[in-house]
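Here are the chains, one letter per residue:
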Amino acid sequence: MKVLQLHRVTIAALLLMGQAAFAQQKLPQLGQAPVSEIVKQMTLEEKASLIAGTGMRFGGHGPVVGEADGRVPGAAGNTMSLTRFGIPGTVLSDGPAGVRIDPFRGGDSTKSFYATAWPVGTLLASSWDTSLVKKVGVGFGNEIREYGVDVILAPGMNIQRNPLNGRNFEYFSEDPYVTGFMAAAIVNGIQSNGVGTSIKHFAANNQESNRNSVSAIISERALREIYLRGFEIAVRHAQPYTVMSSYNKINGTYTSESNDLLTKILRDDWGFKGMVMTDWFGGHDPVAQMKAGNNLLEPGTPKQQQAIIDAVKNGTLDVKVLDQNVERVLLYILKTPSFRKYQYSDKPDLKAHAALSREAAAQGMVLLKNENAALPLSKGQKVALFGVGSYKPVIGGTGSGAVVVAYKAALEEGLSQMGYTPDGSLKTLYTAQISADLKAHPEKNMVLGSPHLVPEPDLNADAINAAANQDDIAIFTIRRNAGEGADRKVADFNLSDVETTQIKAVADAFHAKGKKLVVVLNIGGVIETASWRDIPDAILLAWQPGLEAGNAIADVLSGSVDPSGKLAQSFPVKYEDVPSAKYFPGTPADHPTEVVYQEGIYVGYRYYNTFGVKTAYPFGYGLSYTKFAYSGLTLSAASFHNKLEATVTITNTGSVAGKEVVQLYLKASRGGLDKPSEELKGFAKTRLLKPGEAQTLTLTLTERDLTSFNTDASAWIADAGKYEVKIGASSEDIKLAKSFTLAKTMTVEKVHKALAPQVAIDELKSK
Ligand code: BGC
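All values derive from a computational prediction rather than experimental measurement.

Rules used throughout
- Residues numbered from 1 in each chain as written.
- Predicted model: local features only at pLDDT ≥ 70, side-chain atom pairs only at ≥ 80, totals over all residues.
- Heavy atoms only, no water.
- Helix = DSSP H or I, 4+ residues; strand = E, 2+ residues; numbered from the N terminus.
- Rg over C-alpha atoms; globule rule 2.2 N^0.38 Å.
- Buried < 20%, exposed > 50% of the residue type's maximum accessible area, 1.4 Å probe, protein only.
- Lys, Arg positive; Asp, Glu negative; His and termini not counted.
- Charge placed at Lys NZ, Arg CZ, Asp CG, Glu CD.
- Near = heavy atom within 4 Å.
- Polar contact = N/O pair within 3.5 Å; in protein donor to acceptor, adjacent residues only side chain to side chain.
- Areas by Shrake-Rupley, 256 points an atom, 1.4 Å probe, with all protein chains shown as cover.
- Pairing = 2+ DSSP bridges.
- Axes fitted to C-alpha atoms, helices over the stretch in contact; angles between N-to-C directions.
- Domains from an automatic or database assignment.
- Contact = heavy atoms within 4.5 Å.
- Buried area = accessible area lost by both parts, 1.4 Å probe.
- Salt bridge = Lys/Arg side-chain N within 4 Å of Asp/Glu carboxyl O.
- Nonpolar A, V, L, I, M, F, W, Y, C, P; charged D, E, K, R; others polar.

### Section: the overall build of the protein
Within the protein one finds 20 helices and 28 strands. For the protein, the C-alpha radius of gyration of 28 Å lies close to 27 Å, the compact-globule estimate for 767 residues. Reported as C-alpha extents along the three principal axes, the dimensions of the protein are approximately 110 × 70 × 50 Å. When the 767 residues of the protein are sorted by exposure, 62% land in the buried category. In the protein, the 79 positive side-chain charges and the 77 negative ones have mean positions that sit 4 Å from each other.

The following block contains the structure:
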């Protein structure tokens, strides 16, 4: 009897298992059934698990939910797997300058997972070379894929509204046109590998001071023309897999809870097809986030999932809204390497990527000054290297934008390898200082805000004089570093007394011997230059160049690469000249809850040029070791129909090969609106031109390029009248100009009324 009973139980169990297997077989599978069919079969709990990530492994922000995140240690986040529907988990990793993952796993020191640190976004933009940036993206994307990552949380593309923003190094420019096309280029490059990007931080995350809840009060016009325009270009020209909403509020609403921003503007106006995720622990109300169209909550917490479940049960969240968010997550997963079961190697070609990183770094460095041909260095010179940065470069900023690398090439090594002789006594002095300081301040992989920098050692007159006697030339590297979590201070914008005194002392000693001083700026954001730039003979802005820093700087200093970078942001004479200086970072200053963008559309050169405020170095500026002539500007028509082409010829009139960045600024017909004196509407870089060689470039203006955002009409409108095309070597160095007319006012694009401020903003006007 007992035996029989057991037998019956076994048979029943087998039957049940059979049914389960049958049911399982019949469940729609991702990739085979439409996502809507899959969502129909999900439990509420499963849906809630998909719209929140699996939690975060470290950081103490909260518990890890669901599956363990073991696959790519150090990655910032994951999405949940649901095996019964064939839905794999996916991996999201920082960041804009390289794959930010743990270099070692599980105590095994024999196998490393170091990544390439690419030059920071600001440097890439200074190349003004979208094909180069796309090429970087192709290499970067390969590394992302080969390390098993599905989406890189990059590029960062907020507008550099104020030089003190601690994260400016991650961003491209003060100008939305440059920002948008640089972002599109890198997204297209990365995504050509079948991996995704997350353009961030959408939008108006232009400061780190109280970034988690500050409300940015911005007019609709400034939003559309300045703060959203770059994202619009990137979405339209590259369709990133994902967009990351920002931490801050815009006009009182968290961006991740704003239906205006994430649905009306992003999807309806711009046609975004991908998925939106929050920034890490961003926003406040998961139900509002679902309603806004913020499809995925990262890194995800059980509390958020429970809130969603409760809201559906109590009727405050329509399950259809939840379903739509789940569908977006599934459509994203369908595009990932994890879904394709891609067998990643964990062995990207780090050598090839380092070479590409070096190439890009050299192309984005900006020669700010070069008196009496101080540069390039003559072959085999003895160089006196001053400044800690000559021995210990800052390859990128801090926070999630930092990359853990196997090495950081120093300028001292770069120059030695190219046949120069760095001064041995100075090397001893600086390396002793660095190793002593490192003992007291060991380096960490994760640092927020401005990190500790090894202080400059004392330089006594004897040391400087000895170098001036025996070396041929002096190079002084100035460093800055900042990042996520904190803004810079005005003291960081200015040089310190020690820095100015030391530069002056070195310059005096070398000049007394008829020798020169070059200053290298190894910085992530704009600094003050006007008060000291007369001291050195040359200044090279090297930015934060990635892991090949010193080699790339040596490439430019030696002349093996002609400097061809130009500024994608203005360098003001003093901090107070910055149009947002009075309003940054908002009120109250120590923990701003609100920041009013009173400068309106007058950000960067739009302000300096329209209001006639002199800069130290203008937007678009940069020197070369050669010279270029601009000639033959022609416009394809005298009046505008659909589009207009401007053609210009650039000739290398100097004695070495070089590339020139050509900029097209448009002065628009004023109509009823206040308009900047010029706005960038096109740019191109020549190929490497030999001395005497010329290239003709064509820049195209579209209907949209003629428009301004008309708030009353919620439309992009081009006003009838005269338009002036200015072709410049910088925003202040206009070489050629011609005008055309627009016969009739055109409404080029009507958009949603969205994100209107709730208060009146006393915005800056030019007249
Ligand atoms: C940063 C994001 C980053 C995320 C994940 C956030 O604190 O703002 O840029 O991608 O963390 O690490």
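### With respect to the site of the ligand
Asp94, Arg167, His201, Asp279 and Glu484 are the nearest of the 13 residues found near the ligand. A distance of 2.7 Å separates an oxygen atom of the ligand from a polar atom in the side chain of histidine 201. In this structure, aspartate 279 approaches the ligand through a side-chain N or O atom, which is 2.6 Å from an oxygen atom. Here the ligand, which alone exposes 310 Å², has 93% of that area covered by the protein.

### Re the sheet that holds strand β5 (residues 215-217)
Two orientations exist for strands paired in a sheet by backbone hydrogen bonds: parallel and antiparallel. One open sheet accounts for 4 strands, arranged β8-β7-β5-β17; its pairing is mixed. A single partner strand is all that each edge strand has here, and the edge strands are β8 (253-254) and β17 (594-596). With 2 bridges joining them, strand β7 (residues 249-250) and β8 adopt antiparallel strand pairing. If you follow isoleucine 250 over to β8, its bridge partner there is threonine 253.

### Re the sheet that holds strand β19 (residues 628-635)
Ordered by their spatial adjacency, 3 strands build an open sheet running β19-β20-β23, and the pairing between neighbours is antiparallel. Both outer strands of the open sheet, β19 and β23 (694-702), are each paired with one neighbouring strand and no more. The average undirected angle you get between the axes of adjacent strands in this sheet is 20°. Bridge count between strand β20 (residues 643-652) and β23: 9 bridges; the pairing is antiparallel. Residue pairing in the sheet places leucine 644 in a bridge with leucine 701 of β23.

### Regarding the domain arrangement of the protein
With domains assigned, the protein is organised as domain 1 (1-30), domain 2 (32-340), domain 3 (360-569) and domain 4 (626-750). The interface is formed by 17 residues belonging to domain 2 together with 19 residues belonging to domain 4. In total, about 1500 Å² of surface goes out of reach between domain 2 and domain 4, with carbon and sulfur atoms giving 55% of it. In this assembly, domain 2 and domain 4 are joined by 2 salt bridges. Across the pair glutamate 232 and arginine 704 runs a salt bridge whose closest N-O atoms are separated by 2.8 Å. At the boundary of domain 2 with domain 4, the tally comes to 6 residue pairs in polar contact (both at pLDDT 80 or more). Elements supplying a minimum of two residues to the side of domain 2 that touches domain 4: α6 (176-191), α7 (220-227) and α8 (229-238). A class-by-class count of the residues in the side of domain 2 that touches domain 4 yields 5 nonpolar, 2 polar and 10 charged.

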